[in-house]
Amino acid sequence: MFNGQCSMNYKFFPHTQDDLQAMMEKVGVQNLDDLFAEVPDAVRFHGEYQLPEQMSELEVRQLFEQLGAQNQQLVCFGGAGVYDHYMPAVIPNLLSRSEYLTSYTPYQAEISQGTLHYIFEYQSMMAELTGMDISNASMYDGTTAAAEAVMMAVAAGKKQNTVLISETIDPKTLKVIQTYAHFHGIQLEMIQQEDGITSLTHLQSLLSQHKGSVAGVLVQQPNYYGIVEDYTGFADAVHEEKGLFMMDCIAADLAVLKTPGEWGADIAVGDGQSLGIPMQFGGPYVGYMCCTEKLIRKMPGRIVGMTSDNRGQRAFVLTLQAREQHIRRQKATSNICSNQSLMALFVTIYMSLMGKEGLREAAQLSYAGAHYLCDRLLASGHFTLVYQQPFFNEFVVRYDGDLDALLQKLEANGIFGGVKIADDQLMIAVTEKRTKEEIDKLISLL
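What counts as what
Residues numbered from 1 in each chain as written. Predicted model: local features only at pLDDT ≥ 70, side-chain atom pairs only at ≥ 80, totals over all residues. Heavy atoms only, no water. Pairing = 2+ DSSP bridges. Helix = DSSP H or I, 4+ residues; strand = E, 2+ residues; numbered from the N terminus. Contact = heavy atoms within 4.5 Å. Axes fitted to C-alpha atoms, helices over the stretch in contact; angles between N-to-C directions. Expected span 1.5 Å × (residues − 1). Phe/Tyr/Trp six-rings, centres within 6.5 Å; stacked < 30°, edge-to-face > 60°. Buried < 20%, exposed > 50% of the residue type's maximum accessible area, 1.4 Å probe, protein only. Lys NZ or Arg CZ within 6 Å of the ring centre and 35° of its normal.

Q: Tell me about the sheet that holds strand E7 (residues 214-221), residues and numbers included.
A: Here seven strands make up an open sheet; going across it, the order is E2-E10-E9-E8-E7-E3-E4 and the pairing mixed. A single partner strand is all that each edge strand has here, and the edge strands are strand E2 (134-135) and strand E4 (187-191). Relative to E7, strand E3 (residues 162-166) runs parallel, the two being bridged by four bridges. Counted as the bridge partner of valine 163 is glycine 216 from E7. Against the sheet, helix H4 (residues 113-130) contacts E2, strand E9 (267-271) and strand E10 (287-291), and its axis sits at roughly 70° relative to E10.

Q: Can you explain helix H5 (residues 142-157)? Please cite residues and give values.
A: Since there are 3.6 residues in each turn of an α-helix, residues three or four apart along the chain are aligned in direction. Between its first and last C-alpha, H5 extends 23 Å over 16 residues, near the 22 Å set by a 1.5 Å rise per residue. Positive backbone phi, approximately 60°, marks lysine 158, located one or two places after H5.

Q: Outline the packing of aromatic side chains, listing residues and values.
A: The tally for this structure, following the rule as stated, stands at 11 aromatic pairs. Where phenylalanine 391 meets phenylalanine 395, the ring centres are 5.1 Å apart and the plane angle is 45°; that geometry is what we call tilted. What makes phenylalanine 391 buried here is its relative accessible area of 10%. Look at phenylalanine 395 and you get buried, because its relative accessible area is 1%. In this structure an aromatic cluster arises from ring pairing among Tyr231, Phe234, Phe245 and Trp263. The ring of phenylalanine 77 has arginine 434 lying over it, and the distance from NZ or CZ to the ring centre is 6.0 Å.

Distances and angles like these do not, on their own, reveal function.
Quick look at the structure:
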C-alpha cells in the first residue's frame, strides 16, 4: 500500500537521485508523490508498517519452528480428492539436483536437457499408467485439467457445444468446469446418479435429446464417493453420437484399476497428488492430461519428444506446442503455456522409485485398510453404508449420533476422522500410511 513516503531511498534500489529526477522531468512531475495524486487520501495508508526487526538466520529458523509448532498434527482419514500417501524420503533431495534446475520454460533445448528429460519420462509414465497414447507436459491441477478437457472436447467437436457431466464427479471439479464453461459459452448438463453411480440410461436419454450437439461426456473413477463404477457401454454410447468420452481418475488408483484406455476413453485427466505429493495445505499439486493420438493437435500445453543431435547422441526437444497459444491466442483451444514442472518431476521420481509393484502394493494396502475399517464401523452398529456399491479406499457412512461431536472427539485425540458431506454422512479414506493400530484407535474412540 502507498504510505506517502515515495522519495525514501533504499540500498537495494539501483536508481540514484539524479536518475529519479531525470525520470520525473521526462514524465512531467515535480516529485514521486505527484504520481499518486489521483489516489484518494481515504484509501492511503498513513501508519507504520508492522514489520519485525531484522533477524539472524538462526532466529528466523527458530521463529518458523515456533509457528509450525502451533499446527496440530492429526492422523488423517480424510480424502475427497486429497490423500495422505507415503512420500519416499529421497525425493526432496533429488528434486534439487542441478541437472533438473535448468531454465523454467524449456524453449532452449541446449540448456534445458534436464527439464526436457524428466518431462519426457513423466509423459511416458503417465501414458502407461492411464493406458492412453500420449500425455502432455502436465497441467496446473486436477480441477483445471478437467476443465481443459471439456474445452478440448468442444474444440474437437467444432459445432458440438454441449458437454454431459456425471453427478458423481467431485463438486470442486464441477465448480471449476462451470466457471470455464460460462466464459466459453459451453452448455453443461448433468447425468443423474442412481445409488451413487452414473446412470447409463439417463446418459443415453440425454444423448438422444441433444442428438448431434454433444461434444463429450465426463465421468470420474473412482467417483467422488469412492465408488468404483462400471462404465461398460459408456464409450460406445458416446462415440455413436460422435462425442468424446472423458474420464477423471485418481492417478494412484490406476495401478490396479481398469485404465481409461481400457474403458475406451478419448481423454483422461486428473490430479497427480496421490502419487506421493504431500497434502501440504492444498497445494501445489499437478494435473495430468492424456489422450488418443488423433486428438494431439487439440491438446493444450506442450509435448516433449526424444531425438538425436548432430553427434548421434540422445537429446530431448519440444516436439509439439500449439502456435495458437502464443500467436493467434483468440483461436487457441487453451492459453495455458506453462505447467507444474516441479510437481511433474516429483511424481516422476515417485513412480520411478516405487515401480509397478510398489504402486500396486500401495494401492492394495489402501484398499485392504479401507475395507477393514468399514467392516469394523458397520459391526459397531452405529454406522451404515450410504451406497451399496463396490468401493476402493474411500467410502461414505451414515452415523446414528451427533456427527460433529464425534469428529471433535476424534480431533481431540489426534485423529482427523473424515470429510463431513451431510449432517449425518461421513466420507472416510484410508491410504497405505494408515496402520492397523491407528484404525483400531479410531474404532476404540467410538
